[in-house]
Amino acid sequence: MLCIGAALLLPGITGCVSPVREMPQVELAKEPKTPEHELCRKLLIAFLNDDAKSFVKLLPTDTRKNFDVKEFNKTRKALTSTIGEPVSFRYLTRLEFVSLTPHLWLIRFKRTDKKGQIFYSEALFRIITGRAADGTVLVISFHFL
C-alpha cells in the first residue's frame, strides 16, 4: 500500500497502550549509516518536533502537491488526538527490495487520561525510500502500519 497524504493516520489506529514505563535506550551505532536512513531520521525528527515545514521540505516535489504544510498539520492533529503526542522513535529494520527500501520504525506516543494518569502507546511507521535516476534519495511513501 503506497499511501502518501492521509497515510500518516489510518482510521482506528490505537497502538498498544501501556502504563508508564521507560523506553529502552537505543544505540545509534547499530543503525545503518546510509543516506536513506539519514533521510528517514530527519523526517521523523521533523514529525516529533511538529515541524511541518521541515517535514514537507524533505518530500519530493510531486508529493508536496498532495501533502503540504496544511495537510501535515491536519493529519498530525488527528493523530495526536487519537493516540497521543509523539515523544520518541526507534529504528527497527529495513526490508530488502530491488529498487525500493522500506524502513520500519517504532514511534512512541504519550497521552494523559482525565484522571491524570500517563499512558504510552506505540505504533509502527514505515517509510519507503528510493533513488531518482540521478541517484538522489527520495521518500516514496510513509504511513503507519
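See above for the structure.
For clarity, every value in this text was computed on a predicted model and none was experimentally measured.

**A closer look at the packing of helix H1 (residues 35–48) against helix H4 (residues 69–83)**
Item 1. Across the interface, H1 lies against H4 with an axial gap of 11 Å and an inter-helix angle of 70 degrees. Considered as vectors, H1 and H4 are oriented roughly perpendicular to each other. Two secondary-structure elements touch here, H1 through Ala46, Phe47 and Leu48 and H4 through Phe72, Arg76 and Leu79.
Item 2. Taken together, the residues that form the contact of H1 with H4 break down as five nonpolar, no polar and one charged.

**Here's the deal with the pattern of salt bridges**
Item 1. Scanning the model with the defined rule gives six salt bridges in all.
Item 2. Of the charged contacts in the structure, one is a salt bridge between glutamate 122 and arginine 108, with a shortest N-O distance of 3.8 Å. In this pair, glutamate 122 sits in strand E4 (residues 118–131) while arginine 108 sits in strand E3 (residues 100–112), placing the two residues 14 residues apart along the sequence.

**Regarding the nonpolar core**
Item 1. Phe47, Phe55, Ile107, Ile127, Phe142 and Phe144 are the most contacted members of the largest nonpolar core, which totals 27 residues.
Item 2. Broken down by secondary-structure element, the contributors of at least two residues to this core are H1, helix H2 (52–57), H4, strand E2 (85–94), E3, E4 and strand E5 (137–144).
Item 3. When residues of this core are assigned to their parent elements, the largest contribution, seven residues, is made by H1.

**Here we look at the pairing of E3**
Item 1. Relative to E3, E2 runs antiparallel, the two sharing eight bridges. Within E3, the position partnered with tyrosine 91 by the bridge is tryptophan 105.
Item 2. The turn joining E2 and E3, which pair antiparallel and follow one another in sequence, is formed by five residues.
Item 3. Both E3 and E4 contribute to a ladder of 13 bridges, which runs antiparallel. If you follow arginine 111 over to E4, its bridge partner there is phenylalanine 119.

**Things to note about a nonpolar patch on the surface**
Item 1. A contiguous nonpolar patch, built from Leu92, Leu124 and Leu145 and spanning about 240 Å² of accessible area, is present on the exposed surface.
Item 2. Relative to the helices and strands, leucine 124 resides in strand E4.
Item 3. By relative accessible area, leucine 124 is classed as partly exposed at 34%.

Reading the values: the criteria
Residues numbered from 1 in each chain as written. Predicted model: local features only at pLDDT ≥ 70, side-chain atom pairs only at ≥ 80, totals over all residues. Heavy atoms only, no water. Axes fitted to C-alpha atoms, helices over the stretch in contact; angles between N-to-C directions. Helix = DSSP H or I, 4+ residues; strand = E, 2+ residues; numbered from the N terminus. Parallel < 35°, antiparallel > 145°, perpendicular 65-115°, else oblique. Contact = heavy atoms within 4.5 Å. Nonpolar A, V, L, I, M, F, W, Y, C, P; charged D, E, K, R; others polar. Salt bridge = Lys/Arg side-chain N within 4 Å of Asp/Glu carboxyl O. Core = buried A, V, L, I, M, F, W, Y, C linked by side-chain atoms within 4.5 Å. Buried < 20%, exposed > 50% of the residue type's maximum accessible area, 1.4 Å probe, protein only. Pairing = 2+ DSSP bridges. Patch = residues over 30% accessible without salt bridge, like charges linked within 9 Å, V, L, I, M, F, W, Y side chains within 5 Å. Areas by Shrake-Rupley, 256 points an atom, 1.4 Å probe, with all protein chains shown as cover.

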